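# Observations on the model geometry
Here is what each chain is made of, one letter per residue.
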Amino acid sequence: MSVEQQDLKLKANANRGQSQLEGGFDLLGWDEVTQGSVLPSFDGDATGIANKKAEERDYSGYNSYTASVASWRVIKPVFNIDVCIDCQNCWVWCPDSSILSRDKQMLGIDYDHCKGCEVCVEVCPTNPKSLLMFSEYEDIGEALASWPEKKKKEKK
Ligand code: SF4
Ligand code: SF4
């Protein structure tokens, strides 16, 4: 699958990472919030919210879903859909819920929230791995073009 096709699949999450957690936007600092305040995660009535898809929820400005922390990362995981077996290991283990999966199909990385911790790469069982770490500035197409071949088992 080409990079463009992968990107198209990820566009399903359109309202993710709308704001940046750095300069020029309007959020209260943690020390400006009155003690005991309730910061709602969603705008309006949140009844049945668990049954809505992530991109259909009405997130409030306090919800980290709408903010991007991409600038915190120095290395990033790149996903190769051609090797993936949809085992969901990466989805289970990612500490930042940054693996995008739908109907048990791995779709890619939520680069707005991924911190580059490499856990997903560690737990990926394929040969070669379907996720590998690259510099934050690496072009995704070039990363995919440099993917390693399958490693042969050494004879004992
Ligand atoms: S690098 Fe870490 S935060 Fe990013 S997708 Fe992988 S496990 Fe999640
Ligand atoms: S752990 Fe690897 S093989 Fe399993 S779903 Fe994630 S990327 Fe695909």
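Since we're looking at a predicted model, the values are computed, not measured.

Following the criterion strictly, the structure yields 3 aromatic pairs and no others. Where phenylalanine 42 meets tyrosine 59, the ring centres are 5.5 Å apart and the plane angle is 40°; that geometry is what we call tilted. Of this pair, phenylalanine 42 sits in the loop between strand S1 (19–20) and strand S2 (67–68) while tyrosine 59 sits in the loop between S1 and S2, and the two are 17 residues apart along the sequence. Look at tyrosine 59 and tyrosine 65: their rings are 4.1 Å apart centre to centre, the planes differ by 15°, and that puts the pair in the stacked class. You can call tyrosine 59 buried: its relative accessible area is 10%. Assessed through its relative accessible area of 13%, tyrosine 65 is described here as buried. Pairwise contacts between aromatic rings join Phe42, Tyr59 and Tyr65 into one cluster.

Where burial is concerned, most of strand S6 (residues 131–135) is hidden: 4 out of the 5 residues are buried. The sheet contact formed by strand S3 (residues 75–79) and S6 spans 5 bridges and is antiparallel. Looking across to S6, one finds that valine 78 is bridged to leucine 132.

The next thing to look at is the site of ligand 2. Not every one of the 14 residues close to ligand 2 is listed here, only the nearest: Cys84, Cys87, Gln88, Cys90 and Cys124. Structurally, ligand 2 is housed in the second largest cavity. Of the residues contributing to the shell around ligand 2, the split by class is 9 nonpolar, 4 polar and 1 charged.

Turning our eyes to something else, we now look at the side chain of aspartate 112. Following the sequence through the fold, aspartate 112 ends up in the loop between strand S5 (105–109) and helix H3 (119–123). At 3.4 Å, the side chain of aspartate 112 and the side chain of serine 68 are in polar contact.

Another point: the pattern of salt bridges. Enumeration over the complete set of coordinates arrives at 2 salt bridges. Here glutamate 136 and arginine 73 are joined by a salt bridge, their closest N and O atoms 2.7 Å apart. Placement of glutamate 136 in the loop between S6 and helix H4 (140–145) and of arginine 73 in the loop between S2 and S3 is noted, with a sequence separation of 63 residues between them. Its salt-bridge partner being aspartate 96, residue lysine 115 comes within 3.1 Å of it at the nearest N-O pair. In this pair, lysine 115 is assigned in the loop between S5 and H3 and aspartate 96 in the loop between helix H2 (89–93) and strand S4 (99–102), connecting sequence segments 19 residues apart. Residue classification places lysine 115 among the partly exposed positions, given a relative accessible area of 31%. Relative accessible area serves as the criterion here: at 31%, aspartate 96 is assigned to the partly exposed category.

The rules behind each value
Residues numbered from 1 in each chain as written. Chains lettered and ligands numbered in written order. Predicted model: local features only at pLDDT ≥ 70, side-chain atom pairs only at ≥ 80, totals over all residues. Heavy atoms only, no water. Phe/Tyr/Trp six-rings, centres within 6.5 Å; stacked < 30°, edge-to-face > 60°. Helix = DSSP H or I, 4+ residues; strand = E, 2+ residues; numbered from the N terminus. Buried < 20%, exposed > 50% of the residue type's maximum accessible area, 1.4 Å probe, protein only. Pairing = 2+ DSSP bridges. Near = heavy atom within 4 Å. 1 Å grid on protein atoms, 1.4 Å probe; cavity = no way out; pocket = protein on both sides within 12 Å on 5 of 7 lines; lining within 4 Å. Sits in = over half its atoms within 2 Å of the grid points. Nonpolar A, V, L, I, M, F, W, Y, C, P; charged D, E, K, R; others polar. Polar contact = N/O pair within 3.5 Å; in protein donor to acceptor, adjacent residues only side chain to side chain. Salt bridge = Lys/Arg side-chain N within 4 Å of Asp/Glu carboxyl O.

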